[in-house]
Amino acid sequence: MTPFKRRGAALAEMLAAGVVLVQCTSASPPPAATPSPAVAPSPSAAASSSASAPPAPTDATVQPVTAAELGATWRPGCPVEPGRLRRVNVDHIGFDGQTHRGELIVHEDLVPEVIAIFEQLYRLGYPVEKIRTVDHYSDADDELSMEDNNTSAFNCRSIPGTDEWSPHAYGRAIDLNPLLNPCLYASGYFEPQNAAAYLDRSRTDPGLLHNDDPAVQIFTDRGWRWGGYWTTPDYQHFERP
(Lines give C-alpha, C1' and ligand atoms only; values in the text may rest on other atoms or scores of the structure.)
Protein backbone atom coordinates (compact mmCIF):
# COMPACT_ATOMS: atom_id res chain seq x y z
CA MET A 1 0.00 0.00 0.00
CA THR A 2 1.35 3.43 -0.89
CA PRO A 3 1.92 6.15 1.70
CA PHE A 4 -0.95 8.12 0.17
CA LYS A 5 -3.60 5.64 1.42
CA ARG A 6 -4.76 5.41 4.99
CA ARG A 7 -5.06 2.06 6.64
CA GLY A 8 -8.29 1.69 8.55
CA ALA A 9 -6.89 0.28 11.75
CA ALA A 10 -4.29 3.03 12.14
CA LEU A 11 -6.79 5.80 11.40
CA ALA A 12 -9.37 4.41 13.82
CA GLU A 13 -6.83 4.20 16.61
CA MET A 14 -5.48 7.69 15.96
CA LEU A 15 -8.93 9.32 15.75
CA ALA A 16 -10.07 7.52 18.89
CA ALA A 17 -7.05 8.82 20.76
CA GLY A 18 -7.80 12.34 19.58
CA VAL A 19 -4.19 12.78 18.57
CA VAL A 20 -2.97 15.55 16.32
CA LEU A 21 -0.45 13.66 14.24
CA VAL A 22 2.94 14.79 13.12
CA GLN A 23 4.85 14.11 9.92
CA CYS A 24 5.28 10.35 10.09
CA THR A 25 4.17 7.64 7.70
CA SER A 26 0.69 6.11 7.70
CA ALA A 27 1.59 2.46 8.19
CA SER A 28 -0.92 0.49 10.28
CA PRO A 29 -0.02 0.00 13.95
CA PRO A 30 0.63 -3.61 14.94
CA PRO A 31 -1.75 -5.03 17.60
CA ALA A 32 1.07 -4.81 20.12
CA ALA A 33 4.53 -3.40 19.60
CA THR A 34 7.19 -6.05 19.99
CA PRO A 35 10.57 -4.51 20.73
CA SER A 36 13.17 -5.45 18.19
CA PRO A 37 16.80 -6.02 19.11
CA ALA A 38 18.92 -2.92 19.19
CA VAL A 39 20.49 -2.15 15.86
CA ALA A 40 23.98 -1.31 17.00
CA PRO A 41 26.04 1.00 14.83
CA SER A 42 29.37 -0.36 13.70
CA PRO A 43 32.24 0.14 16.18
CA SER A 44 33.73 2.77 13.91
CA ALA A 45 30.52 4.81 14.23
CA ALA A 46 31.33 5.53 17.86
CA ALA A 47 34.81 6.55 16.84
CA SER A 48 33.42 8.94 14.25
CA SER A 49 31.63 10.96 16.92
CA SER A 50 34.86 11.68 18.77
CA ALA A 51 37.43 11.62 15.98
CA SER A 52 38.01 14.80 14.03
CA ALA A 53 35.97 14.99 10.86
CA PRO A 54 37.73 15.94 7.64
CA PRO A 55 38.20 19.72 7.47
CA ALA A 56 35.69 20.30 4.69
CA PRO A 57 33.31 18.27 2.54
CA THR A 58 33.35 18.28 -1.23
CA ASP A 59 31.26 21.11 -2.63
CA ALA A 60 27.56 20.34 -2.91
CA THR A 61 25.99 20.19 -6.35
CA VAL A 62 22.46 21.20 -7.34
CA GLN A 63 20.34 20.04 -10.30
CA PRO A 64 16.74 20.58 -11.40
CA VAL A 65 14.44 17.56 -11.42
CA THR A 66 11.64 16.33 -13.66
CA ALA A 67 8.42 14.51 -12.81
CA ALA A 68 9.89 11.34 -14.33
CA GLU A 69 12.96 11.59 -12.10
CA LEU A 70 10.82 12.03 -8.99
CA GLY A 71 9.10 8.71 -9.65
CA ALA A 72 6.50 7.66 -7.08
CA THR A 73 7.34 10.58 -4.77
CA TRP A 74 5.33 12.97 -7.00
CA ARG A 75 2.03 12.86 -8.88
CA PRO A 76 -0.25 15.43 -10.54
CA GLY A 77 -2.10 17.39 -7.88
CA CYS A 78 0.84 17.63 -5.49
CA PRO A 79 1.25 21.10 -3.95
CA VAL A 80 4.66 21.78 -5.55
CA GLU A 81 5.55 21.35 -9.20
CA PRO A 82 8.82 19.55 -10.05
CA GLY A 83 10.17 22.81 -11.46
CA ARG A 84 10.26 24.26 -7.91
CA LEU A 85 12.29 21.36 -6.55
CA ARG A 86 16.04 20.72 -6.67
CA ARG A 87 18.27 17.69 -6.22
CA VAL A 88 21.05 18.57 -3.77
CA ASN A 89 24.07 16.25 -3.55
CA VAL A 90 25.97 16.55 -0.27
CA ASP A 91 28.76 14.75 1.57
CA HIS A 92 28.12 13.14 4.94
CA ILE A 93 30.05 11.07 7.48
CA GLY A 94 28.70 7.51 7.55
CA PHE A 95 28.49 5.14 10.48
CA ASP A 96 31.72 3.64 9.15
CA GLY A 97 33.51 6.94 9.74
CA GLN A 98 34.04 7.44 6.00
CA THR A 99 32.81 10.17 3.67
CA HIS A 100 29.78 9.31 1.54
CA ARG A 101 27.74 11.23 -1.01
CA GLY A 102 23.98 11.50 -0.64
CA GLU A 103 21.12 13.29 -2.36
CA LEU A 104 18.07 15.16 -1.10
CA ILE A 105 15.15 16.67 -3.00
CA VAL A 106 14.19 20.02 -1.46
CA HIS A 107 12.32 23.19 -2.36
CA GLU A 108 14.43 25.56 -4.42
CA ASP A 109 14.12 28.29 -1.77
CA LEU A 110 15.87 26.09 0.82
CA VAL A 111 18.86 24.97 -1.25
CA PRO A 112 21.43 27.34 0.34
CA GLU A 113 20.27 26.47 3.87
CA VAL A 114 20.30 22.72 3.22
CA ILE A 115 23.82 22.90 1.80
CA ALA A 116 25.03 24.91 4.81
CA ILE A 117 23.32 22.55 7.28
CA PHE A 118 24.87 19.41 5.87
CA GLU A 119 28.27 21.05 5.60
CA GLN A 120 28.05 21.87 9.32
CA LEU A 121 26.88 18.34 10.19
CA TYR A 122 29.87 17.03 8.26
CA ARG A 123 32.31 19.32 10.05
CA LEU A 124 30.72 18.35 13.38
CA GLY A 125 31.33 14.69 12.57
CA TYR A 126 27.64 13.89 13.07
CA PRO A 127 27.08 10.48 11.40
CA VAL A 128 24.27 9.92 8.90
CA GLU A 129 23.80 6.32 7.79
CA LYS A 130 22.47 7.06 4.31
CA ILE A 131 20.81 9.85 2.31
CA ARG A 132 18.64 8.63 -0.56
CA THR A 133 15.53 9.93 -2.26
CA VAL A 134 12.39 8.03 -1.23
CA ASP A 135 11.71 6.80 -4.77
CA HIS A 136 14.39 4.16 -4.07
CA TYR A 137 11.73 2.37 -1.96
CA SER A 138 8.69 0.56 -3.33
CA ASP A 139 5.85 3.02 -3.99
CA ALA A 140 7.91 5.69 -2.19
CA ASP A 141 6.82 4.06 1.07
CA ASP A 142 8.00 6.25 3.94
CA GLU A 143 7.86 3.37 6.42
CA LEU A 144 10.35 1.40 4.33
CA SER A 145 12.63 4.42 4.10
CA MET A 146 12.50 4.98 7.86
CA GLU A 147 13.09 1.31 8.67
CA ASP A 148 16.22 1.53 6.52
CA ASN A 149 17.40 4.53 8.60
CA ASN A 150 17.38 6.61 5.45
CA THR A 151 17.61 10.38 5.74
CA SER A 152 15.26 11.99 3.21
CA ALA A 153 13.34 15.15 2.37
CA PHE A 154 10.71 15.51 -0.39
CA ASN A 155 7.86 13.02 -0.60
CA CYS A 156 4.40 14.13 -1.75
CA ARG A 157 2.24 12.67 1.02
CA SER A 158 -0.32 13.78 3.57
CA ILE A 159 0.03 14.05 7.32
CA PRO A 160 -1.29 10.67 8.53
CA GLY A 161 -4.87 10.77 9.71
CA THR A 162 -5.57 14.11 8.00
CA ASP A 163 -6.23 15.59 4.58
CA GLU A 164 -3.40 18.10 5.04
CA TRP A 165 -0.19 17.96 3.05
CA SER A 166 2.92 17.12 5.02
CA PRO A 167 5.78 19.66 4.88
CA HIS A 168 7.63 16.87 3.04
CA ALA A 169 5.16 17.36 0.17
CA TYR A 170 6.53 20.89 -0.24
CA GLY A 171 10.17 19.84 0.01
CA ARG A 172 10.40 21.76 3.30
CA ALA A 173 11.18 18.95 5.76
CA ILE A 174 14.02 16.52 6.42
CA ASP A 175 13.89 13.28 8.43
CA LEU A 176 17.32 12.61 9.93
CA ASN A 177 18.43 9.06 10.87
CA PRO A 178 14.76 8.07 11.35
CA LEU A 179 15.38 4.59 12.79
CA LEU A 180 17.44 6.04 15.63
CA ASN A 181 15.04 8.97 16.01
CA PRO A 182 11.49 7.58 15.84
CA CYS A 183 8.15 9.34 15.70
CA LEU A 184 5.89 8.75 18.73
CA TYR A 185 2.13 9.06 19.17
CA ALA A 186 0.10 9.67 22.33
CA SER A 187 -1.48 6.24 21.80
CA GLY A 188 1.92 4.61 22.30
CA TYR A 189 2.33 3.71 18.63
CA PHE A 190 5.65 4.61 17.04
CA GLU A 191 7.28 4.69 13.62
CA PRO A 192 9.27 3.14 12.12
CA GLN A 193 8.00 -0.17 13.41
CA ASN A 194 11.52 -1.57 13.99
CA ALA A 195 12.55 1.34 16.26
CA ALA A 196 11.44 -0.06 19.65
CA ALA A 197 14.99 -0.13 20.97
CA TYR A 198 15.33 3.61 20.33
CA LEU A 199 12.30 4.71 22.33
CA ASP A 200 14.78 4.94 25.20
CA ARG A 201 16.04 8.48 24.66
CA SER A 202 18.70 8.12 27.35
CA ARG A 203 20.71 6.16 24.80
CA THR A 204 23.79 7.87 23.42
CA ASP A 205 24.26 6.03 20.13
CA PRO A 206 26.01 8.11 17.45
CA GLY A 207 23.33 9.75 15.31
CA LEU A 208 20.67 9.71 18.06
CA LEU A 209 19.35 13.24 18.70
CA HIS A 210 18.74 14.86 22.09
CA ASN A 211 17.48 18.27 23.20
CA ASP A 212 19.97 21.01 22.41
CA ASP A 213 22.46 18.69 20.71
CA PRO A 214 24.77 20.61 18.37
CA ALA A 215 23.24 18.70 15.44
CA VAL A 216 19.77 19.92 16.46
CA GLN A 217 21.00 23.50 16.87
CA ILE A 218 22.50 23.48 13.38
CA PHE A 219 18.90 23.29 12.12
CA THR A 220 17.09 25.38 14.74
CA ASP A 221 19.60 28.25 14.58
CA ARG A 222 18.43 28.71 10.97
CA GLY A 223 14.76 28.79 11.87
CA TRP A 224 13.96 25.10 11.32
CA ARG A 225 11.55 23.46 13.76
CA TRP A 226 12.56 20.18 15.43
CA GLY A 227 9.84 17.62 16.11
CA GLY A 228 11.71 16.46 19.21
CA TYR A 229 10.34 19.49 21.05
CA TRP A 230 6.71 18.61 20.29
CA THR A 231 4.26 17.16 22.83
CA THR A 232 4.10 13.96 20.75
CA PRO A 233 7.73 13.98 19.62
CA ASP A 234 8.98 13.23 16.15
CA TYR A 235 12.70 13.07 16.84
CA GLN A 236 13.75 12.60 13.23
CA HIS A 237 11.78 15.52 11.82
CA PHE A 238 13.00 19.01 10.94
CA GLU A 239 10.83 21.44 8.97
CA ARG A 240 11.28 24.95 7.65
CA PRO A 241 8.15 27.15 7.88
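Given the structure is predicted, the values throughout are model-derived calculations rather than measurements.

### A closer look at the sheet that holds strand β2 (residues 85–93)
An order of β1-β2-β3 is seen for the 3 strands of this open sheet, with the pairing classed as antiparallel. In this open sheet, the two edge strands, each paired with only one partner strand, are β1 (61–64) and β3 (99–107). Within the sheet, the average angular offset between the axes of one strand and its neighbour, ignoring direction, is 25 degrees. Pairing of β2 with β3 involves 9 bridges; the strand directions are antiparallel. The partner of Val88 across the bridge, within β3, is Leu104. Lying on the sheet, helix α4 (residues 111–124) is in contact with β1, β2 and β3; it crosses β2 at an angle near 10 degrees.

### Notes on the sheet that holds strand β10 (residues 237–239)
The strand order across the open sheet built from 3 strands is β6-β10-β9, with neighbouring strands paired in antiparallel fashion. Looking at the sheet topology across the chains shown, the edges are occupied by β6 (173–175) and β9 (225–226). Taken together, the 3 bridges between β6 and β10 define a ladder with antiparallel strand orientation. Within β10, the residue paired with Asp175 across the bridge is His237.

### Some points on the pattern of salt bridges
If you walk through the whole model with that rule in mind, you get 12 salt bridges. A salt bridge links Glu129 to Lys130; the nearest nitrogen and oxygen atoms lie 3.6 Å apart. Residue classification places Glu129 among the partly exposed positions, given a relative accessible area of 33%. When the shortest N-O distance is used, the salt bridge between Arg225 and Glu239 registers 3.7 Å. Of this pair, Arg225 sits in strand β9 while Glu239 sits in strand β10, placing them 14 residues apart in sequence. Residue classification places Glu239 among the buried residues on the basis of a relative accessible area of 10%.

### Some thoughts on unusual backbone geometry
In this chain, Glu191 is followed by Pro192 through a cis amide linkage whose omega measures 0 degrees. Located in the positive-phi region is Asp212, a residue other than glycine, with phi close to 65 degrees. One can find Asp212 in the loop between β8 (190–191) and α6 (214–220).

The rules behind these values
- Residues numbered from 1 in each chain as written.
- Predicted model: local features only at pLDDT ≥ 70, side-chain atom pairs only at ≥ 80, totals over all residues.
- Heavy atoms only, no water.
- Pairing = 2+ DSSP bridges.
- Helix = DSSP H or I, 4+ residues; strand = E, 2+ residues; numbered from the N terminus.
- Axes fitted to C-alpha atoms, helices over the stretch in contact; angles between N-to-C directions.
- Contact = heavy atoms within 4.5 Å.
- Salt bridge = Lys/Arg side-chain N within 4 Å of Asp/Glu carboxyl O.
- Buried < 20%, exposed > 50% of the residue type's maximum accessible area, 1.4 Å probe, protein only.

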